[in-house]
Amino acid sequence: MKREIFESDIGESYVKAVHSSGLQIYILEKAQYNSAYAIFGTKYGSIDTCFSVDGNETKVPEGIAHFLEHKLFESEDGDAFTKYAKTGAYANAFTSFDKTCYLFSCSDKFYENLDILLDFVQSPYFTQATVEKEQGIIGQEIRMYDDSPGWRVMFNMLLNMYKNHPVRIDIAGTIDSIAQIDADLLYKCYNTFYNPSNMFLCIAGNVDTDRILKQVKESVKQSEPVEIIRINEPEPDEVLNPYVEQSLAVAQPLFCFGYKEAMEKPNRSVKERIRTAILMEIIAGEASPLYKRLVDEGLINDEFSSEYFTGNGYSAVIFEGESRDPQRVAEEIKKEVDRIKIEGIDKKLFSAIRCGMYGNAIRMFDSVEGIAMQFVDCAMQGSSLFDEIKYLKSVTADDVFKRIALLDNNKTVLSVIKPIDSQE
Amino acid sequence: MSEKIVNLAEGAQGFFVKTNRFKTTLISFNFYLPLAKETVAEYALLPFILTSCSKKYPDFSLLNYKLSKLYGARLDASAEKYGDWQLLKMTVSVINDRYSLDEDSLIIRACDMLLRLIFEPNTENGAFLDKDLNREKRKAIEHILGDISEKRIYAKNRLIEEMYNGEAYGVPKCGTVEDVEKITGESLYKAWEKMLKTAFIRVNVVGSSVPAGFFESISEKFSSLERTNIKDCKISAPTKDTDCPQTVSERMEVKQGKLCMGFSSEVYGNDDNSLSLLVMTDIFGGGPYSRLFSNVREKMSLCYYCSASAIRQKGLITVDSGVETENCEKAQKEILNQLEIVKKGEFSDFEFESSIKSICDSLNSYNDSQGLLDNWYTLKINNDGIYSPSDIAQRVKDITREDVISAAKGVKLHTVYKLLPKEGN
């Protein structure tokens, strides 16, 4: 198996290997640790609703990637949870916009657990009866999110930011859309996206690299790589609606305020992501003048946070939190963006934020879960685990300043969840 | 990994967990005070106001700037319930000096900062300043009101309030909005003094070494304070059982209902004698192998989640689930039916063994997380000896089926709380 070793001066190194099937494998050994964390995933998420293989175009119901994730735990010889129960591992899975990941963590019997993981993800078993049972469970999951203001405020924003891109739809789909799912459709999606050439295996902890690679060689099925073409309608640079609100049982309004960035190419590089992350801290991070002003004026509390939300074909700078006056918060953020565009970046603040992010990047290496999750990003973006630490040493305030041009005050969406009483 | 306790003052201990596996060092100050309606809000506000500013860092923005310069040092505050006690926690964690590009020691600077925040708050004439007090009061009130947003948490909190009405454990962990509104700069200053003088205190260091002179400097700070009337926080009252379980229902604008159930247990206490309750609760409603997951969720398809957890020091088991109104009765009946099955010992060897393995596997992972280790030792003050997570994992392995059945037999339904959609939804 082709292997590459990556080293850094923080006392960590890892191996990246590529299996003949195209499966990418990332392993970081932590001999001093008791536990290990493993993720087997595919580049397949809620946004992959329309695709073509060998010229055959397929459109599938919303929420099918997530549905498939639930169903994959069942195999012909029992479900994966039962197998993990025999080893004591903690197992779970999640589906996001652009990926589906199956994971376990354990402090014992790692290789048995890895066998279970590799086996069940490669052994689909769907029947009409099991599909119907899952519709009840996922139906309740969807209802749970319908009542979650934090979830709704974000999805309402995406729904009004994007006109065509499927990032606008809920990851779990709707009660109606999941009713259209059947076993045949699940097999079709599985056979397309769960091809090893579209997948990755990410491991960190008390493990032995050679043993893992041997095990992978023995259990990963050989199959011809597939070329998947993801079909998306072109997305305009403009937002669909600048404002959206909904009433739910909350005490004070929640908001999510996002800038839609124009996409000149499908994906953002690691450097672009880091520059944007620094920029967001400069605009509204906890050490920024705007944050102080918003807290002093009673407009935000500790729930305030920001996120660079980006993936294949979408990119948004998002600020969210609770506020008695979300409109004011959004206006203040816009004003601050304008001010920085004119006055430039405060060099002292930039240097403190860069220093803080450097420390956080090092801190991440204390967590095997954190490392495995970062490996997933590496697989998705084609980057290296040490890129961030390296780039944080050289990035300049000017590099960061150039990113602010992407924030256009005319391409924003403010999503608000209002308390029910204030409307009635 | 090894642990060491040092005495810092009357009722104050330094606790060092020596471990070389991390690139960071974590230091936490833990204050244990009696949980009471009259004092809960003031005490709960303290960790937050103290970690927002001090004499040396009069403005929170400056403090955040300094934390960034300290390579993203993390400063955290919390106020939680610990049985019938209130646990106030203030933590700093910082990357180890070898990763710093500066000459000064980061850890020494971080320790100095934490001590100044706790012992030298920004006060004048025996009162906290209005600007700081008003900011933190507003945030505390918004936090209390915000609990309603996450219905699962809200419903669980309501269950506890109803179940322990009039008892210490029923007091909301940060008090009520009215309690917070009453706080003044002077009253908070007095609460701060009382915290320093009367709380049981544990200072944890998790890392490769204790910063030079750190414990000594804390001792010195306490030497000028008269530490008296320190309560023994090892004991919490067990949950009273009842022959007439109560049901409380509330309606709200929600789509999915929440069903929460509270049970009393005859086995209680945060020590080795109650480990059987831990295993019993896990078989009942812990992992995917548990009775509740495999029956209420998987077989009956009634919900996305239905799980049980135990608060051992109170002898309390809670079950919570998200269900449709029309399925609420059915789910409740099945949850009670599953409890009966555990009581009769009709759970399988597979379920029993899976539970032991899962608990042990998880305990043996604790050593890989500073945060988990800090919490573990913070909550282990009840034990006379020092037990690491791995020590307890060893003891869990000794629990038998009979222990589990015996623990289950002492479990009785106490309160059912239902959060239901308004009619017509």
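Note that the structure is predicted; figures quoted are calculated from it, not measured.

Caption draft 1: Quick peek at the interface of chain A and chain B. At the junction of the two partners, chain A supplies 67 residues and chain B supplies 62 residues. Here chain A and chain B share an interface that buries about 5400 Å² over both sides, 52% of which is from carbon and sulfur atoms. On the chain A side of the contact with chain B, A:Gln140, A:Asp147 and A:Arg363 bury the most area, a combined 13% of that side's loss. Across the chain A-chain B interface, the total number found is five salt bridges. For the salt bridge of B:Lys23 with A:Glu12, the shortest nitrogen-to-oxygen distance reads 2.9 Å. Connecting chain A to chain B are 30 residue pairs in polar contact (both at pLDDT 80 or more). Contributing elements (two or more residues each) for the side of chain A that touches chain B: α2 (80-85), β10 (100-106), α4 (128-146), α5 (149-161), α10 (289-296) and α12 (347-363) of chain A. The dominant element in the side of chain A that touches chain B, judged by the number of residues it contributes, is α12(A), at 12 residues. Looking at the side of chain A that touches chain B, its residues break down into 26 nonpolar, 22 polar and 19 charged.

Caption draft 2: The arrangement of the pattern of salt bridges in detail. Counted according to the given criterion, the structure contains 59 salt bridges over all chains. The salt bridge partner of B:Glu120 is B:Arg116, with a shortest N-O separation of 3.4 Å. Judged by relative accessible area, B:Arg116 falls into the partly exposed class, the value being 26%. In this structure, B:Lys412 and B:Asp243 form a salt bridge, with 2.7 Å as the shortest nitrogen-oxygen distance. A residue pair is termed long-range when its members are at least 10 positions apart, and B:Lys412 in strand β13 (residues 411-421) and B:Asp243 in the loop between α8 (214-223) and β9 (246-252) qualify at 169 residues. Residues joined by salt bridges that share partners form a network here, namely A:Glu261, A:Glu264, A:Lys265, A:Arg268, A:Glu272 and A:Arg403.

Caption draft 3: Representation of the packing of helix α1 (residues 40-50) of chain B against helix α4 (residues 130-146) of chain B in the model. Residues and elements named next belong to chain B. Contact geometry of α1 with α4 gives a least axis separation of 10 Å together with a crossing angle of 120 degrees. Between α1 and α4, the interaxial angle falls into the category oblique. The handedness of the crossing between α1 and α4 comes out as right-handed. Together, Leu-45, Phe-48 and Ile-49 of α1 and Asp-132, Leu-133, Glu-136, Lys-137 and Ala-140 of α4 make up the contact between the two elements.

Caption draft 4: Region of the structure containing helix α15 (residues 401-409) of chain B. All names here are of chain B. Looking only at α15, the buried set comprises Arg-401, Val-404, Ile-405, Ala-407 and Ala-408. One side of α15 holds all its buried residues, which, seen down the axis, span an arc of 160 degrees. Turned more than 90 degrees from where α15 packs its buried face, Glu-402 and Lys-409 sit exposed. Against α9 (275-285), α11 (328-343), α12 (349-363) and β13 lie the buried residues of α15.

Caption draft 5: Expanded view of the sheet that holds β13(B). Residues and elements named next belong to chain B. Strand order in the open sheet formed by five strands is β9-β13-β10-β12-β11, with mixed pairing between adjacent strands. Both edges of this open sheet fall to β9 and β11 (306-311), since each of them pairs with a single strand only. Neighbour-to-neighbour, the strand axes of this sheet turn through a mean angle of 15 degrees, independent of strand direction. Relative to strand β12 (residues 316-323), β11 runs antiparallel, the two being bridged by six bridges. Counterpart to Ala-310 in the pairing with β12 is Ile-317. Contacts from α11 reach β10 (257-265), β11, β12 and β13, with the element oriented near 30 degrees to β10.

Caption draft 6: How the structure looks around the packing of aromatic side chains. Residues and elements named next belong to chain A. One pass over the full model with this rule turns up 45 aromatic pairs over all chains. The interplanar angle of 35 degrees and the centroid separation of 4.8 Å between the aromatic rings of Trp-151 and Phe-155 together place this pair among those described as tilted. Placement of both Trp-151 and Phe-155 in helix α5 is noted, with a separation of four residues, approximately one turn of the helix. Its relative accessible area of 25% is what places Trp-151 among the partly exposed residues. For Phe-155, a relative accessible area of 4% corresponds to the buried category.

Caption draft 7: Seen up close, the confidence of the model for chain B. Confidence in the prediction for chain B averages 94 pLDDT; 99% of positions are at 70 or higher. Complex prediction metrics read pTM 0.95 and ipTM 0.93.

Caption draft 8: Layout of a positive patch on the surface. Together, A:Lys348, B:Lys56, B:Lys66 and B:Lys69 make up a region of like positive charge exposed at the surface. Relative to the helices and strands, B:Lys56 is located in the loop between α1 and α2 (60-69).

Caption draft 9: Up close: the packing of α12(A) against α2(B). Running from N to C, α12(A) and α2(B) cross one another at 55 degrees; their axes reach a closest spacing of 7 Å. In this view, α12(A) runs oblique relative to α2(B), as classed from their interaxial angle. Together, A:Lys348, A:Leu349, A:Ser351, A:Ala352, A:Ile353, A:Cys355 and A:Gly356 of α12(A) and B:Tyr65, B:Ser68 and B:Lys69 of α2(B) make up the contact between the two elements. Its residues assigned to classes, the contact of α12(A) with α2(B) comprises five nonpolar, three polar and two charged.

Caption draft 10: Looking closely at the state of the cysteines. Summed over the entire model, instances satisfying the criterion amount to zero disulfides over all chains. Not engaged in a disulfide, the cysteine A:Cys202 finds its nearest cysteine sulfur in A:Cys101; these two sulfurs lie 7.4 Å apart. A disulfide-free cysteine, B:Cys174 has its sulfur positioned 18 Å from the sulfur of B:Cys53, the nearest such atom.

Caption draft 11: Structural view of the sheet that holds strand β5 (residues 85-95) of chain B. Residues and elements named next belong to chain B. With mixed pairing, six strands are arranged side by side in an open sheet as β1-β2-β8-β3-β5-β4. What marks the edges here is a single partner per strand, and that holds for β1 (2-9) and β4 (74-82). Across the sheet, the axes of successive neighbouring strands diverge by a mean angle of 15 degrees, strand direction being ignored. The pairing of β4 with β5 spans nine bridges and is antiparallel. Among the inter-strand pairings, Leu-75 is bridged to a residue of β5, identified as Val-92. On the sheet, α1 packs against β3 (24-34), β4 and β5 and is oriented at approximately 5 degrees with respect to β5.

Here is what the cut-offs are and how they apply
Counting from 1, residues in each chain are numbered in the order their sequence is written. Just so you know, chain letters begin at A and ligand numbers begin at 1, following the order they were written in. Selection of residues for local features in this predicted model requires a pLDDT of at least 70, selection of side-chain atom pairs for listing and counting requires 80 or more, and totals for whole chains, interfaces and linings are taken over all residues. Processing note: side-chain calculations cover all non-hydrogen atoms of the structure and skip hydrogens and water entirely. Working rule for contacts: check all heavy atoms of both residues, and any pair within 4.5 Å makes them a contact. Buried area is calculated as the accessible area (1.4 Å probe) missing from two parts once they are joined, with the contributions of both summed. Should a side-chain nitrogen of Lys or Arg be within 4 Å of a carboxyl oxygen of Asp or Glu, the pair is scored as a salt bridge. N or O atoms closer than or at 3.5 Å make up a polar contact, with two conditions inside protein: a donor-capable atom paired with an acceptor-capable one, and, for residues adjacent in sequence, both atoms drawn from side chains. A helix here means a DSSP run of H or I that spans at least four residues, while a strand means a run of E at least two residues long, and both kinds are numbered starting from the N terminus. For this scheme, ten residues count as nonpolar: Ala, Val, Leu, Ile, Met, Phe, Trp, Tyr, Cys and Pro. Four count as charged, namely Asp, Glu, Lys and Arg, and the remainder, Gly too, count as polar. Type-normalised accessible area, obtained with a 1.4 Å probe on protein chains alone, sets the label of each residue: buried when under 20%, exposed when over 50%, and partly exposed for intermediate values. Between the N-to-C directions of two axes lies an angle of 0 to 180 degrees, each axis being a line fitted to C-alpha atoms and, for a helix, fitted only over the stretch in contact. If an angle is under 35 degrees, it is roughly parallel; if it is over 145, roughly antiparallel; if it lies from 65 to 115, roughly perpendicular; otherwise it is oblique. Definitions for this section: a left-handed crossing has its near helix turned counterclockwise from the far helix by less than a right angle. A right-handed crossing has that turn clockwise. For this quantity, the arc is that covered by the directions from the helix axis to the C-beta atoms. For two strands to pair, DSSP has to find at least two bridges joining them. For Phe, Tyr and Trp, rings pair up if their centres lie within 6.5 Å, where Trp contributes its six-membered ring, and each pair is then called stacked (planes under 30 degrees apart), edge-to-face (over 60) or tilted (otherwise). For every residue, the predictor assigns a confidence score, pLDDT, that lies between 0 and 100. Note on patches: the residues involved have over 30% relative accessible area and no salt bridge, like charges join within 9 Å, and the nonpolar side chains Val, Leu, Ile, Met, Phe, Trp and Tyr join within 5 Å. Surface accessibility follows the Shrake-Rupley procedure with a 1.4 Å probe radius. Residue values consider only the protein chains on display as shielding. Charged residues are defined here as Lys and Arg on the positive side and Asp and Glu on the negative side; His and the ends of the chain fall outside this count. In this description, the location of a charge corresponds to atom NZ of lysine, CZ of arginine, CG of aspartate or CD of glutamate. Sulfur atoms of two cysteines make up a disulfide when they are within 2.5 Å.

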